[in-house]
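Next come the chains, spelled out residue by residue.
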Amino acid sequence: MQQYQHIRQAAYEANMQLPALGLVIFTFGNVSAADRQLGVFAIKPSGVPYAELSPEKMVIVDFDGKTVDGQLRPSSDTLTHAVLYKHWEHIGGIVHTHSTYATAWAQSQRDIPIYGTTHADHNTVDIPCAPPMSDEMIAGDYEYQTGFQIMNTLAERGLSYEEIEMILVGNHAPFTWAKTPAKAVYNSAVLESVAQMAYLTESINGNAPRLKDALIRKHFERKHGPNSYYGQ
């Protein structure tokens, strides 16, 4: 339907960025784009290669995870997206990948330490890794529960989804989000780069120190603070 064309197009363009940026191979990822007024989001169809995608193939789903419009089945991760959209009202795009370095940290069940200024340009804390879900959650509605695992981890750590736009799910892979799908893809690329840098840092120096608080504040605030001066 024509009323969904804008989010279909946004979701298609964002999904096509994943292979272009080297964040996915085959069909290992998905992006969604939400319209808050309509109460729906567009998401990649399940198992369709990126080369075969088009805006028309994006599936429209409501915030309860029910398909509203589309000829194909939505991504198997759709319920995770739906849970996050339903509870986090200020996001408009979500990305899930299995990018190599971020996923390796997730499989290691480790937060990504803040070692350098590239990390601090985007976050002031270690990138959190949610613990693996309980057997009961896994045996239940797995993708639905993944959304709650993400939300619960941020809540338990006192972190805001509007400030921390990325997370690892233990033994699984990364999720990122933002106000727009394009920014959520940007966050996924940043996360993968920071994950690679942190891995290499520990490979070179297993006792590498955490970045100094003064540098964390300086680099984050020059981009995001009230007196930011990075960019035009």
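Cut-offs applied
- Residues numbered from 1 in each chain as written.
- Predicted model: local features only at pLDDT ≥ 70, side-chain atom pairs only at ≥ 80, totals over all residues.
- Heavy atoms only, no water.
- Buried < 20%, exposed > 50% of the residue type's maximum accessible area, 1.4 Å probe, protein only.
- Helix = DSSP H or I, 4+ residues; strand = E, 2+ residues; numbered from the N terminus.
- Pairing = 2+ DSSP bridges.
- Phe/Tyr/Trp six-rings, centres within 6.5 Å; stacked < 30°, edge-to-face > 60°.
- Lys NZ or Arg CZ within 6 Å of the ring centre and 35° of its normal.
- Lys, Arg positive; Asp, Glu negative; His and termini not counted.
- Salt bridge = Lys/Arg side-chain N within 4 Å of Asp/Glu carboxyl O.
- Polar contact = N/O pair within 3.5 Å; in protein donor to acceptor, adjacent residues only side chain to side chain.
- Contact = heavy atoms within 4.5 Å.
- Axes fitted to C-alpha atoms, helices over the stretch in contact; angles between N-to-C directions.
- Expected span 1.5 Å × (residues − 1).
- Arc of directions from axis to C-beta.
- Core = buried A, V, L, I, M, F, W, Y, C linked by side-chain atoms within 4.5 Å.

(A) Just the pairing of strand β3 (residues 59–62), in detail. The two faces of β3 match: Val59 and Val61 on one face and Ile60 and Asp62 on the other face are all buried. Of the strand pairs in this sheet, strand β2 (residues 40–43) and β3 are connected by four bridges, and their pairing is antiparallel. Across the sheet, phenylalanine 41 pairs through a bridge with valine 61, a residue of β3. Both β3 and strand β4 (residues 67–69) contribute to a ladder of two bridges, which runs antiparallel. Bridging from a neighbouring strand, valine 61 pairs with threonine 67 of β4. Hairpin remark: β3 followed by β4, antiparallel, with four residues in the connecting loop; positive phi at glycine 65, about 90 degrees.

(B) Fine view of the packing of aromatic side chains. Within this structure, the stated rule accounts for eight aromatic pairs. Between tryptophan 88 and tyrosine 161, the ring centres sit 4.7 Å apart and the planes meet at 5 degrees, which makes this aromatic pair stacked. Placement of the pair is tryptophan 88 in the loop between α2 (78–87) and β5 (93–97) and tyrosine 161 in the loop between α6 (142–156) and β7 (166–169), with a sequence separation of 73 residues. Neither tryptophan 88 nor tyrosine 161 differs from the other in exposure class; each is buried. Look at tyrosine 144 and phenylalanine 148: their rings are 5.0 Å apart centre to centre, the planes differ by 65 degrees, and that puts the pair in the edge-to-face class. Note that tyrosine 144 and phenylalanine 148 are positioned in helix α6 at a spacing of four residues, about one turn of the helix. Among the aromatic residues, ring-to-ring pairing joins Phe41, Phe63 and Tyr85 into one connected group. A cation over an aromatic ring shows up here: lysine 44 above the ring of tyrosine 50, its NZ or CZ 5.1 Å from the ring centre. We note lysine 223 situated over the ring of tyrosine 230; from NZ or CZ to the ring centre the distance is 4.5 Å.

(C) A look at the side chain of lysine 44. Among the secondary structure elements, lysine 44 is positioned in the loop between β2 and β3. The buried charged residue lysine 44 lacks any salt bridge partner; its closest oppositely charged side chain belongs to aspartate 77, at an N-O distance of 8.9 Å. Within the structure, the side chain of lysine 44 is placed 2.8 Å from the backbone oxygen of valine 48, a separation counted as a polar contact. When neighbours within four sequence positions are excluded, lysine 44 is seen to be in contact with Asn15, Thr27, Gly29, Asn30, Val31, Tyr50, Leu53, Met58, Pro74 and Ser75.

(D) Inspection of the sheet that holds β7 at higher detail. Pairing is mixed in the open sheet, where eight strands are placed in the order β4-β3-β2-β1-β5-β8-β7-β6. Unpaired on one side and paired on the other, β4 and β6 (129–130) mark the two borders of the sheet. Across the sheet, helix α7 (residues 181–204) touches β1 (29–35), β5, β7 and β8 (174–178), and the angle it forms with β8 is around 140 degrees.

(E) Here's a closer look at the environment of threonine 80. Within the secondary structure layout, threonine 80 lies in helix α2. In this structure threonine 80 comes out as buried when scored by relative accessible area, which is 1%. Considering only alpha carbons, one finds threonine 80 and isoleucine 94, 14 residues apart in sequence, at a separation of 9.6 Å. Among the polar contacts listed, one links the side chain of threonine 80 to the backbone oxygen of glutamate 143, at a separation of 2.6 Å.

(F) Representation of helix α1 (residues 5–20) in the model. Here α1 is 16 residues long and its end C-alpha atoms lie 23 Å apart, about the 22 Å a rise of 1.5 Å per residue gives. Three or more residues of α1 are buried, namely Ile7, Arg8, Ala11, Ala14, Asn15 and Leu18. Buried residues of α1, viewed axially, fall in a sector of 140 degrees; they line one side. One or two positions beyond α1, positive phi appears at glycine 22, with a value near 75 degrees.

(G) A look at the nonpolar core. Judged by nonpolar contacts, the single largest core of 23 residues is most densely connected at Phe41, Trp88, Ile91, Ile150 and Trp177. Residue assignment for this core shows that the elements contributing at least two residues are β2, β3, α2, α6, β7 and β8. Not counting chain neighbours up to four residues away, the residues in contact with tryptophan 88 comprise Arg36, Ile150, Met151, Leu154, Tyr161 and Trp177. Counting 20 residues, the second largest nonpolar core, distinct from the first, contains Ala14, Leu18, Val40 and Val48.

(H) Just the pairing of β7, in detail. Every second residue of β7 is oriented toward a common face, with Met166 and Leu168 on one face and Ile167 and Val169 on the other, all of them buried. Pairing geometry for β6 and β7, over two bridges, is parallel. What sits directly across from cysteine 129, in β7, is leucine 168. In the sheet, β7 pairs with β8 via three bridges, with the strands oriented antiparallel. For methionine 166, the partnering residue across the bridge sits in β8 and is threonine 176.

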